[in-house]
Amino acid sequence: MTSIKKRTTAALTAAILATNLAIPATAAGAPTIRMSSYKGSILEVGERSGLIIGPSGTDYTVTSSDPDTVAVEQVLTFWVAVAKAEGTAEITASNSTGECGSMTLTVSSADSAPLEVPASGDSAGLTDNMEIRQEMIRLINQTRKANGVSELPVNEALMNAAQVCSNQRYTWHHAPEEGQAAAEAGYPYGFGDNLTVFTGTADAARHAVDNWINSPGHFETMIDPRCDCIGVGVTQYDGITYCYMFVGIPNSVNFYA
């Protein structure tokens, strides 16, 4: 297997692609409605976690089997799970045609929750700009669906790795650091990644995805049918926006791990 990188840089605008070639993923069935939690299936009392629900572009009703344990709230166009008390609750999303999908969330006390050390050592930084990041994922999945490939569930490790890299404010790819960030965050395989940097902070998710759509190499990575999960990172600093997209490629190798 080989590694392919395409790099282009402008003064304050950069859109860059890195793709690790991998063994193609085999097709697998998927539930009608897919659900995942940004912070995983185990939350601590008092934690809030964004819910990623697909297919995108649909209005959903989200309910909890036990709101006293896990409540759900709608924030703008997104749904958030709120851990209230120790226990488990099933979170269900349904659409207007009656299709459903669900996931189970477990709430533990801070003392009993498993210890997780984020790759950056800064857990607050890994949850920066979540509304922009969730909108990026929605737009990327919308683009994939329009091009006949499956939408991607969120992978927490790739979310963290992408945010670690965007926080570095790179304007071109740093392959060893990107590979190490993915490995340290806990993602075991190779991946493809897109980077774009642009002046301004308004409508950042749309700006980033449009940049990738309009660049053939980035577009191919975004709609790669081999990929099975996604993570994105967004950092805004001094009027400039830095965006990363990591897409996981199962059964491939991260040569920088």
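Our structure's up above, just so we're on the same page.
Owing to the predicted nature of the structure, the values given are computational and were not obtained by experimental measurement.

Undergrad: Explain the overall build of the chain to me, please; I cannot follow it from the model alone.
TA: Across its full length, the chain holds six helices and 13 strands. Carbon and sulfur atoms form 51% of the exposed surface of the chain, whose accessible area is close to 11700 Å².

Undergrad: How should the pattern of salt bridges be read in this particular structure?
TA: If the charged atoms of two oppositely charged side chains come close together, the side chains can form a pair. Summed over the entire model, instances satisfying the criterion amount to five salt bridges. Residues Arg-34 and Glu-151 are paired through a salt bridge, measuring 3.8 Å at the closest nitrogen-oxygen approach. Of this pair, Arg-34 sits in strand β3 (residues 34-37) while Glu-151 is found in the loop between α2 (130-146) and α3 (156-167), placing the two residues 117 residues apart along the sequence. Residue classification places Glu-151 among the buried positions, given a relative accessible area of 9%.

Undergrad: I would appreciate a short explanation of α2 in the present structure.
TA: Because each turn of an α-helix spans 3.6 residues, side chains separated by three or four positions in sequence point in the same direction. Here α2 contains 17 residues, and its C-alpha end-to-end distance of 24 Å stays within 8% of the 24 Å for a straight helix at 1.5 Å per residue. Residues of α2 that are buried: Met-130, Arg-133, Gln-134, Met-136, Ile-137, Leu-139, Ile-140, Asn-141, Thr-143 and Arg-144. The first or second residue beyond α2 is Gly-148, which carries a positive phi of 75°.

Undergrad: Teacher, can you tell me more about the packing of α2 against helix α5 (residues 204-213) here?
TA: Helix packing for two helices is described by the angle between their axes and how far apart those axes are. Look at α2 against α5: their axes get within 8 Å of each other, and the N-to-C directions meet at 35°. Of the two possible hands of crossing, α2 and α5 adopt the one that is right-handed. For the pair formed by α2 and α5, the contact residues are Ile-132, Glu-135, Met-136, Leu-139, Ile-140, Gln-142 and Thr-143 on the first element and Ala-204, Ala-205, Arg-206, Ala-208, Val-209, Trp-212 and Ile-213 on the second.

Undergrad: Teacher, can you tell me more about unusual backbone geometry here?
TA: In most cases, non-glycine residues show a negative phi, while peptide bonds are predominantly trans. In this structure, Arg-169 takes a positive phi of about 55° despite not being glycine. Here Arg-169 shows up in the loop between α3 and α4 (175-185). You will see that Asp-203, though not glycine, has its phi angle at about 50°, which is positive. Tracing the chain through its elements places Asp-203 in the loop between β11 (190-199) and α5.

Undergrad: Help me out: how do you make sense of the side chain of Ser-64 in this one?
TA: For Ser-64, the location among the structural elements is in strand β6 (residues 61-64). Within the structure, the side chain of Ser-64 is placed 3.1 Å from the backbone nitrogen of Asp-66, a separation counted as a polar contact.

Undergrad: What exactly am I supposed to notice about a nonpolar patch on the surface here?
TA: A grouping of Val-253, Phe-255 and Tyr-256 is seen on the molecular surface, where their side chains present a nonpolar patch of about 280 Å² in accessible area. Position of Tyr-256 relative to the elements: it lies in the segment after β13 (240-249). On the basis of relative accessibility, which here comes to 37%, the residue Tyr-256 falls in the partly exposed class.

Undergrad: Would you mind going over the sheet that holds β6 with me for this structure?
TA: Paired through their backbone hydrogen bonds, the strands of a sheet run either parallel or antiparallel. Spatial ordering of the open sheet is given by β4-β10-β9-β6, a layout of four strands whose pairing is mixed. Here the strands that pair on one side only, and so sit at the sheet edges, are β4 (42-44) and β6. If you compare each strand with its neighbour and ignore which way they point, the axes differ by 30° on average. Both strand β9 (residues 87-94) and strand β10 (residues 100-108) contribute to a ladder of eight bridges, which runs antiparallel. Residue pairing across strands places Thr-92 opposite Ser-102, the latter belonging to β10.

Undergrad: Is there a simple way to explain the environment of Val-72 in this structure?
TA: Within the element layout of this structure, Val-72 appears in strand β7 (residues 70-75). C-alpha of Val-72 to C-alpha of Ser-49: the two residues are 23 residues apart in sequence and 9.6 Å apart in space. Non-local contacts of Val-72, meaning those with residues more than four positions away in its chain, are made with Leu-51, Val-62, Thr-63, Ser-64, Trp-79, Val-80 and Ile-91.

Undergrad: Would you mind showing me how to read the pairing of strand β8 (residues 78-83) here?
TA: One face of the sheet, then the other: side chains in a regular strand alternate in exactly this way. Most of β8 sits out of view: six of its six residues are buried. Residues of β8 alternate between two faces, with Phe-78, Val-80 and Val-82 on one and Trp-79, Ala-81 and Ala-83 on the opposite face, all of them buried. In this structure, strand β5 (residues 48-54) lies alongside β8, joined through four bridges in antiparallel fashion. Looking across to β8, one finds that Gly-50 is bridged to Val-80.

Undergrad: What should I look at first to understand the side chain of Thr-69 in this one?
TA: Take Thr-69: it is sitting in the loop between β6 and β7. Residue classification places Thr-69 among the buried residues on the basis of a relative accessible area of 6%. In terms of polar contacts, Thr-69 uses its side chain to reach the side chain of Asp-66, at 2.7 Å. If near-sequence neighbours (up to four positions away) are discounted, Thr-69 is found in contact with Val-82, Ala-83, Lys-84, Ala-85, Glu-86, Gly-87, Thr-88 and Val-107.

Definitions and cut-offs
- Residues numbered from 1 in each chain as written.
- Predicted model: local features only at pLDDT ≥ 70, side-chain atom pairs only at ≥ 80, totals over all residues.
- Heavy atoms only, no water.
- Helix = DSSP H or I, 4+ residues; strand = E, 2+ residues; numbered from the N terminus.
- Areas by Shrake-Rupley, 256 points an atom, 1.4 Å probe, with all protein chains shown as cover.
- Salt bridge = Lys/Arg side-chain N within 4 Å of Asp/Glu carboxyl O.
- Buried < 20%, exposed > 50% of the residue type's maximum accessible area, 1.4 Å probe, protein only.
- Expected span 1.5 Å × (residues − 1).
- Axes fitted to C-alpha atoms, helices over the stretch in contact; angles between N-to-C directions.
- Left-handed = near helix turned anticlockwise from the far one by under 90°.
- Contact = heavy atoms within 4.5 Å.
- Polar contact = N/O pair within 3.5 Å; in protein donor to acceptor, adjacent residues only side chain to side chain.
- Patch = residues over 30% accessible without salt bridge, like charges linked within 9 Å, V, L, I, M, F, W, Y side chains within 5 Å.
- Pairing = 2+ DSSP bridges.

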